[in-house]
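# Remarks on the overall topology
Here is how the chains run, residue by residue.
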Amino acid sequence: MNADTVCLACCRNKAEGLLEQYGVSEETREILLKRIDKFLKKDKRTGDMPAPVMMAEILSIVDEKVGIMDAYEKPKKKYNRKLLGMEEAVIADIEKAEDEFLAAIQYAVTGNYIDFGAMDDVSEDMLGKLLENRADVELNTDELARLKRELEEAGTLLYITDNAGEIVLDKVFIRILKKLYPQLDITVVVRGFPTLNDATYEDAEDIGLTDLVNVMPNGTDVPGTPIDEINPEVRHLIDEADLCIAKGQGNFETLHGSGRNIFYLFLCKCELFTSKIQTERFTPGLNNELRIVQSA
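All figures in this text were calculated on a predicted structure; none of them were measured in a lab.

Attention now moves to the overall build of the protein. Helix and strand counts for the protein come out as 12 helices and 6 strands. At 19 Å, the protein has a C-alpha radius of gyration in line with the 19 Å of a compact globule built from 296 residues. By principal-axis analysis of the C-alpha atoms, the protein measures approximately 60 × 40 × 35 Å. Counting contacts in the protein only where the partners sit at least 6 residues apart, residues at least 24 apart contribute 73% of the total. Accessible surface computed for the protein: about 13400 Å², of which carbon and sulfur atoms make up 46%. Measuring between centres, the 35 positive side-chain charges of the protein sit 3 Å from its 55 negative side-chain charges.

Next up, the structure:
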C-alpha cells in the first residue's frame, strides 16, 4: 500500500504533536518542519514508501534535534501494567468459552486498539468497552477456518507483534496456540528499537513473553516489518515459517505484497484504511496475504 496524501498529513501531524509535547522552541520547530516538508515533497522514494517507513524517517529527523526516543516510554509501561492486571480475568473468560481459539483471537485483535501511531489518543474507556464486547468481534469465517487448518498442519509459526499493552493479549493467544497445537514451534518477532508505542524485546521481557517462547527483535526502528530492512535472521524465519501471523496495520503496510503465507490481524483505525477497505472504524480484519484482493 503506497503512501498518499492522507499518510503524508498523518505523519506530519504526528511530528508536530511530538514537537509540542517536548516544548520545542518556535525556531527549532520551524527548522524541523521545513526539513520534514522537504522530505515529504521532494524525496522521490515517498511515492512508493509505506507509511511506517516514512514515519520512521520523520521520527529520526525529529530525534536528531530533540531526542524523542523515549516519547512513548510512559504509555507503553502504563498499558503493559494495565493489561497484565487483566490477564488472569482474560484467561478465565477464554477457558470458559465454547471455542477457546475464537475467544483468544478476539482478544488479540481487540488489543490492536492500543496504537499511538494510527491514532492521536488511546481512550481507556474505549479499550474497556472493546474488551468487554470481545464476544461480538466478527472475523472472516473462511479465513478463521483456514487459519485453524493451517495451524493443525504446521510445524513452525512466526508471530509478529505490534504494540505494547497489546502484546499481553498476544501472549494469552500464544498460550492458547501452544495448548491447542502442541506441535508448533513458535517464534515471536518484535521491533528492533523503540518507535512510537510499538513493542520491543524489553516489553516482551517485561510482560513475561520471553519466558513462554523465543522472542527476536527485527533489527529496525520502523513501526512495521519492512522485508528488505529487517535483520537477515528474521527475514529467513519469515521465508521459512509454515505460516506467519502479523498484528497491526504497520505490519500489513510493510509486508503486503511480499507473497509470504501471512495472516494479517488488525483493527481498522485510520482514515486511509477505513476508506480503502470501505468499513467502519475499529472493524477487525483477518486476511491472508495470498488471498487478498489487490484492490482492497
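Don't stop here, the text continues.
With that settled, consider helix α8 (residues 166–180). With 15 residues, α8 should cover 21 Å at 1.5 Å per step; its first-to-last C-alpha distance of 21 Å lies within 8% of that length. Counting buried positions along α8 yields 11 of 15 residues, so the element is predominantly enclosed. Within the sequence span of α8, burial applies to Glu166, Ile167, Val168, Leu169, Asp170, Lys171, Val172, Phe173, Ile174, Ile176 and Leu177.

With that out of the way, let us pick up the nonpolar core. One recurring pattern in soluble globular proteins is that nonpolar side chains are buried together. Judged by nonpolar contacts, the single largest core of 81 residues is most densely connected at Ile58, Phe101, Leu147, Leu151, Phe173 and Leu209. No other element matches helix α3 (residues 51–66), which puts 9 residues into this core. Excluding its chain neighbours within four sequence positions, the residues that come into contact with Leu151 are Phe101, Leu157, Leu177, Tyr181, Gln183, Leu184 and Leu243. Listed in part, the 18 residues of the second largest apolar core include Ala241, Cys244, Phe252 and Ile262.

For any pair of aromatic rings, geometry is given as the distance between the ring centres together with the angle between the planes. All told, the structure shown has 8 aromatic pairs when counted by the stated rule. Centroid distance Phe252 to Tyr264: 4.9 Å. Interplanar angle 85°. Geometry classified as edge-to-face. Of this pair, Phe252 sits in helix α11 (residues 249–255) while Tyr264 sits in strand β5 (residues 262–267); the two residues are 12 residues apart in sequence, bridging distant segments of the chain. Among the residues examined, Phe252 registers a relative accessible area of 6% and is labelled buried. Connected via pairs of aromatic rings, a cluster forms that spans Phe101, Tyr159, Phe173 and Tyr181.

Within the secondary structure, Glu100 sits in helix α5 (residues 100–110). In this structure the side chain of Glu100 is engaged in a polar contact, spanning 3.1 Å, whose partner is the side chain of Lys179. With sequence-adjacent residues up to four places away left out, Glu100 is seen in contact with Ile94, Glu95, Ile176 and Lys179.

The rules behind these values
Along each chain, numbering runs from 1 in the same order as the chain's sequence is written. Residue-level local features of this predicted model are given only where pLDDT is at least 70; pairs of side-chain atoms are given and counted only at 80 or more, and the full residue set underlies all totals for whole chains, interfaces and linings. Note that the side-chain values use all heavy atoms of the structure and ignore hydrogens as well as water. Elements are defined by DSSP. Helices are runs of H or I of four residues or more, strands are runs of E of two residues or more, and each kind is numbered from the N terminus. For this measure, only C-alpha atoms enter the radius of gyration; the expected value for a globule follows 2.2 Å times N^0.38, where N is the number of residues. Note on definitions: a residue-residue contact is assigned when non-hydrogen atoms from the two residues lie within 4.5 Å. Each accessible area is a Shrake-Rupley result for a 1.4 Å probe, and residues are judged covered by the shown protein chains and nothing else. Neither His nor the chain termini are counted; the positive set is Lys and Arg, and the negative set is Asp and Glu. In this description, the location of a charge corresponds to atom NZ of lysine, CZ of arginine, CG of aspartate or CD of glutamate. Between the first and last residue of a helix there are one fewer steps than residues, each counted as 1.5 Å, and that sum is the expected span. For every residue, the accessible area obtained with a 1.4 Å probe (protein chains only) is divided by the maximum for its type, and the residue is called buried under 20%, exposed over 50%, and partly exposed between those limits. Buried residues of nine kinds, namely Ala, Val, Leu, Ile, Met, Phe, Trp, Tyr and Cys, make up a nonpolar core once their side-chain atoms join them within 4.5 Å. When the centres of two rings from Phe, Tyr and Trp lie within 6.5 Å, Trp using its six-membered ring, the rings pair. Their planes under 30 degrees apart give stacked, over 60 give edge-to-face, and anything left gives tilted. Two N or O atoms count as a polar contact when they lie within 3.5 Å, although within protein this holds only if one can serve as hydrogen donor and the other as acceptor, and sequence-adjacent residues are included solely when both atoms are side-chain atoms.

By themselves, these are just geometric observations and shouldn't be taken as functional.
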